[in-house]
Amino acid sequence: MSAAGPGARVRYRQRSPPGAWRLLFPAVAVWACAAWAVGSPGSGRALSWIALLLGSACCLVALLLRRGRLGGGCPGGGRARPSRRTPDRASAARRVIGAALVLCALGLLIGVRIGVQDRARGDPELAAVAAAGGAAEYDVVLTGFPQPSDAGFGVRFWARADLDSRSGPVPVLLWMSDPPGDDWAPGARLRARGALRALEPGGPAFAVEANELHRLSAQTPIARLGELAATLRMGLRGVAARVPQAALVPGFAVGDTALVDDALNEVMSEASLTHLTAVSGANCALITGAIVRALGLVGLGRRSRSLGAGAGLAGFVVLVGPDPSVQRAAVMAAVLLVSGFGGTRAVALPALGAAVALLLAVDPWQSLQPGFALSVAATGGILLLSPGIDRWLRRALRLPGWLALPLAVALAAQFACGPLLLLLQPGIPAAGVLANVVAGPAAPVGTALGLIALVAIPLGAPFGLPLGELCVWLASLPAQWVAETARLASALPLARWDWPAGPGGAALLAACQCAVVLGWALSRGRISLLGRARALPAVPWAPAGDRGRRRFRRPRAIRVASTALCALALGGFAGISFGPWLALRLGVPGDWAIVACDVGQGDALLIRDPADPGRVMLVDTGDEPRRLRDCLDLFGVRRIALLVLTHDDADHVGALASVAGRVDAALIAPTVVLERTEEREVVRLLGDAGVPVRIGAAGMRGGEAPGLVWDVLAPDPRARAYDSNAASLVLMVDAGAAARILLTADTGLEEQGALLASGANLRADVLKVAHHGSRDQDPRLPLAVGADWAIISVGAENRYGHPTGEALASLAAAGSTVLRTDRAGTIALAPAAGGGLRPWNAGVPVG
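Residues numbered from 1 in each chain as written. Predicted model: local features only at pLDDT ≥ 70, side-chain atom pairs only at ≥ 80, totals over all residues. Heavy atoms only, no water.

A. Here's a closer look at the overall build of the chain. A tally of regular secondary structure across the chain gives 26 helices and 23 strands. Expressed as a percentage of its 847 residues, the buried residues of the chain come to 45%. Of all intrachain contacts in the chain linking residues separated by at least 6 positions in sequence, the fraction that spans at least 24 positions is 66%. In the structure as shown, the chain presents an accessible area of about 40,900 Å², 61% of it carried by carbon and sulfur atoms. (Helix = DSSP H or I, 4+ residues; strand = E, 2+ residues; numbered from the N terminus. Buried < 20%, exposed > 50% of the residue type's maximum accessible area, 1.4 Å probe, protein only. Contact = heavy atoms within 4.5 Å. Areas by Shrake-Rupley, 256 points an atom, 1.4 Å probe, with all protein chains shown as cover.)

B. Representation of the pattern of salt bridges in the model. Counted under the stated rule, the structure contains 29 salt bridges. In this structure, Arg629 engages Glu270 in a salt bridge whose closest nitrogen and oxygen atoms are separated by 3.6 Å. With Arg629 in helix α19 (residues 625-634) and Glu270 in helix α7 (residues 262-270), this residue pair connects regions lying 359 residues apart in the sequence. For Glu270, a relative accessible area of 6% translates into the label buried. Asp633 is the salt-bridge partner of Arg638, the closest N and O atoms lying 3.8 Å from each other. Arg638 sits in the exposed class, given a relative accessible area of 54%. Several salt bridges share partner residues, and in doing so they unite Glu270, Arg496, Arg626 and Arg629 into one network. (Salt bridge = Lys/Arg side-chain N within 4 Å of Asp/Glu carboxyl O.)

C. Molecular detail of the pairing of strand β10 (residues 605-609). In terms of burial, β10 is a largely internal element, five of the five residues being buried. Burial along β10 is two-sided: the face carrying Leu605, Ile607 and Asp609 and the face carrying Leu606 and Arg608 are both buried. Across three bridges, the pairing between strand β9 (residues 594-596) and β10 is antiparallel. Paired with Ala596 across the bridge in β10 is Leu605. Bridge count for β10 against strand β11 (residues 612-619) is five bridges, and the pairing is antiparallel. When the sheet's bridge partners are listed, Ile607 is paired in β11 with Met617. The hairpin formed by β10 and β11 contains two residues between the paired strands. (Pairing = 2+ DSSP bridges.)

D. How the structure looks around the sheet that holds strand β21 (residues 817-820). Across the sheet, which stays open at both edges, the seven strands sit in the order β15-β16-β17-β18-β19-β20-β21 with mixed pairing between neighbours. This sheet does not close on itself; its edge strands, each paired only once, are β15 (701-703) and β21. Shown here is a sheet whose adjacent strand axes are inclined to one another by a mean of 20 degrees, direction ignored. Relative to β21, strand β20 (residues 789-792) runs parallel, the two sharing four bridges. The partner of Trp789 across the bridge, within β21, is Thr817. (Axes fitted to C-alpha atoms, helices over the stretch in contact; angles between N-to-C directions.)

E. Expanded view of the confidence of the model for the chain. The pLDDT averaged across the chain works out to 82; a share of 86% of its residues lies at or above 70. In this model, residues 82-87 is a region of pLDDT below 50 whose contacts with residues beyond four sequence positions or in other chains number one contact. Confidence drops under a pLDDT of 50 for residues 530-551, and excluding neighbours within four residues, the segment shows 37 contacts in the predicted structure. (pLDDT = per-residue confidence, 0-100.)

F. Broad picture of the nonpolar core. Judged by nonpolar contacts, the single largest core of 47 residues is most densely connected at Leu248, Leu273, Val472 and Val482. At eight residues, helix α16 (residues 464-491) tops the list of elements feeding residues into this core. Ignoring any residue separated from it by four or fewer positions in sequence, one finds Val472 in contact with Leu236, Val239, Ala240, Val243, Ala246, Val249 and Ala453. Formed by 31 residues, the second largest nonpolar core is a distinct cluster that contains Leu605, Val644, Ala669 and Val712. (Core = buried A, V, L, I, M, F, W, Y, C linked by side-chain atoms within 4.5 Å.)

G. Structural context of the side chain of Ser774. For Ser774, the location among the structural elements is in the loop between β19 (766-768) and α24 (780-785). Once residues lying within four places of it in the same chain are set aside, the contact partners of Ser774 are His802, Thr804 and Ala807.

H. Representation of the sheet that holds strand β22 (residues 827-831) within the structure. In space, the eight strands of this open sheet follow the order β14-β13-β12-β11-β10-β9-β22-β23, with mixed pairing throughout. Either end of the sheet is taken by a strand with one partner, and the two such strands are β14 (693-695) and β23 (837-841). Geometrically, the sheet is characterised by an average inter-axis angle of 20 degrees between neighbouring strands, direction not taken into account.

I. Expanded view of a nonpolar patch on the surface. On the surface, a nonpolar cluster with roughly 550 Å² of combined accessible area is contributed by Trp49, Leu52, Leu53, Leu108, Val112 and Val116. Counting through the fold element by element, Trp49 comes out in helix α2 (residues 43-67). When its relative accessible area of 53% is taken as the criterion, Trp49 is described as exposed. (Patch = residues over 30% accessible without salt bridge, like charges linked within 9 Å, V, L, I, M, F, W, Y side chains within 5 Å.)

J. Region of interest: the environment of Pro250. Assignment of secondary structure puts Pro250 in helix α6 (residues 249-254). On a C-alpha basis, the gap between Pro250 and Gly446 in space is 9.2 Å, while along the polypeptide they are 196 residues apart. Pro250 has contacts with Leu236, Arg237, Ala240, Gly255, Asp256 and Leu259, leaving out every residue within four places of it along the chain.

K. A look at helix α23 (residues 749-757). When α23 is considered as a whole, its buried residues turn out to be Gln752, Gly753 and Leu755. End-on, the buried residues of α23 take up no more than an arc of 160 degrees, which puts them together on one face. In α23, the exposed residues that point more than 90 degrees away from the buried face are Glu750 and Ala757. Taken together, the buried residues of α23 touch β16 (708-714), β17 (730-735) and α24. (Arc of directions from axis to C-beta.)

L. Representation of the packing of helix α15 (residues 442-456) against α16 within the structure. It is at 8 Å that the axes of α15 and α16 come closest, and there the two elements cross at 160 degrees. For the element pair α15 / α16, the angle class is roughly antiparallel. Taken as a pair, α15 and α16 cross one another with a handedness that is left-handed. Across the interface between the two elements, Ala442, Val445, Gly446, Leu449, Gly450, Ile452, Ala453 and Ala456 of α15 pack against Gly464, Leu465, Leu467, Gly468, Cys471, Val472, Leu474, Ala475, Pro478, Trp481 and Val482 of α16. When its residues are assigned to classes, the contact of α15 with α16 shows 15 nonpolar, four polar and no charged. (Parallel < 35°, antiparallel > 145°, perpendicular 65-115°, else oblique. Left-handed = near helix turned anticlockwise from the far one by under 90°. Nonpolar A, V, L, I, M, F, W, Y, C, P; charged D, E, K, R; others polar.)

M. Up close: the packing of aromatic side chains. Under the defined criterion, the tally for this structure stands at six aromatic pairs. Between Trp31 and Phe372 the ring centres are 5.0 Å apart and the planes differ by 85 degrees, which places this aromatic pair in the edge-to-face class. Linking Trp31 in helix α1 (residues 24-38) with Phe372 in helix α12 (residues 370-396), this pair joins segments that are 341 residues apart in sequence. Both residues of the pair, Trp31 and Phe372, count as buried. An aromatic cluster is defined as three or more aromatic residues linked by ring pairs; in this entry it consists of Trp497, Trp499, Phe573 and Phe578. Here the guanidinium or amino end of Arg608 rests over the ring plane of Trp592, the centre of that ring lying 3.9 Å away. (Phe/Tyr/Trp six-rings, centres within 6.5 Å; stacked < 30°, edge-to-face > 60°. Lys NZ or Arg CZ within 6 Å of the ring centre and 35° of its normal.)

N. How the structure looks around a positive patch on the surface. Positive charge collects at one region of the surface, where Arg22, Arg66, Arg94 and Arg95 lie side by side. On the accessibility criterion, Arg66 (71% relative accessible area) is exposed. (Lys, Arg positive; Asp, Glu negative; His and termini not counted. Charge placed at Lys NZ, Arg CZ, Asp CG, Glu CD.)

O. Region of the structure containing the pairing of β22. Counting buried positions along β22 yields four of five residues, so the element is predominantly enclosed. Note that β22 and β23 share five bridges and pair antiparallel. Bridge pairing links Ala828 to Trp840 in β23. From the end of β22 to the start of β23, which pair antiparallel, there are five residues, and Gly835 there has a positive phi angle of about 100 degrees.

Following this line, the structure appears as structure tokens:
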């Protein structure tokens, strides 16, 4: 009789069923092998032979085990019966051999697949064309939507595609010199003429620099089906473009983000909501769930419902296009559905392993793609962690089920993807979990309405088109909900927590997470180090639901170890995340007059009179919205009295959309020759934000003494500028009695010579060095200014070699102390007690 007495119930701990990990572990191992093989051309054959030889050895060992010639057998070939106290070593060996056989089979499959694709990628004709460097014609099929790219040389477009060759389809990166057509979507067939350039292993085999592109008509039934899908997508995009606030609707339905502007895309990324506007597992789960529900209502059985859901999912994949992310979303959605979001672990983990193996068999090069790793990590986190988090939220916090499950899913996915996300973007998106919980319920509604509109719009009048427009309008309501959630979440204090970036930061976060998980496992008895838990009898004063259950008490050493691990991990996490943040903010000078924000290879300066801290001037915005917002938040800038855009280059105006809502008035550079003012992007963005705009020219003056006063010194209003640098605004700004600053924008030798010849008073306390310290400088200018401080806003390890030795030498000859954002981070200058200015910086100490 047990110590609890007769009739006592024993609480058994839920553990993973036998064999649950037997397919997942081999799939992860094959993932690592595939990542090695695709990065080393020709390694697919070696992987195949290794897997074949090891598999043969495993088969031989399994045969010997079966005949009892290895440990665990008995004479005569019979199987020995294990005792109750001795583990069945033969059974354990058979389990290991089974997992090894699965691993070898998967390795053989992936190795053969890599070998076949390596032959296509190494097509001799394409290699010869790439080596020659000449132009040729190619037929390509898009496998992704065209995306814009601005690398500092103007906006271009690129898309992933498959190039037709004699050896088979070859994955390429297609670069387009002209904007793509509206119907250029996954599955579209194009004829490209341009140069072919070989790329590094591990990604697309070639880059096609297309100078000419023409859309080809469909020749096969599959291609015609792709054209029909593209027509449906374009119909939805056209209607959404006419409906206010509906830019997210095509993204909800089919992952089309062409209508999403840069500002909205930035806040969506900051709030970790971009997966809602891409085809993700949520879209696929909604499709299959709706089909299963509908077929169940008409009385169909489980098998028929499963077949119907599979057919609907396949149709949705065809509709969206053959993008690898779509394939991943469909497969991972199937994993979540068959496992009940991790509730059926016996199915969940093998299904995830099968999904990884299937996706790698389709395209082994996915093993190196961040999207693949994030998809697998998120799905694995949801399967393993969300059931336990859901139970804890319901039991400990008393949350209702409709709120506990989405919160548990968001927390589990964020926990699993955290280290990987640090490799892609700095910081931990703390507001992302809250944003996903708030915006999550709206996305399925928008998706469902968007899909109804997608089908209804092609039917035309009198019923189809009005129904489609109504559905798009209704879908715009959840779209607005998601957009506003993203804006609010990204604007929250501490929306993104500081954390070291790169592989070191990812490893540090993973170590903290592992310590928390290990501490939890020790406290719950999932891991036993010092012996088994002692079962204590149930007590009559326990809650009614717990009476008759046994209570488990771990040894004291285990409890202390688990508590210490969790405290160490959480304390280290808090210290790393908030320690530097708190120290930085406590050190910010409250009486700052000039701030050079560290926005990389760009300019963004804040100027104010410390005696009138409410009126702040922002000169340029840089090209990194997150860095600019962090700088504004660090120095407590909520409103910008005057925004000065010295010229229209991206490294000076690229982040305009992220701060336009804070601006009261703007001063912009003159329009260059052959450009119309109303067509300038800065004019459009400021107009959309309702900001009054003035075009600057020499002789303009603003502000009131003794506060912030500015004068425009160049360009001459009669001059005709043929490039943006020549049109740069040059300003002299008086920050009250604190400092006098000369801002030279991106002027060059010619413009600086004209400035010196103008006779203007150029004496100043601070010089903002032109064009990040480039070679195109007039060495007489620093001498004429005679500044004590020279600020160079420049990106660390930039490819231009800025600042140059010549520029630094001219500043040293003038006796100016140089402050560089690439070495000191964000820099501030504040009035010193004995007169002059004192520097402060957010990076290493200023020398």
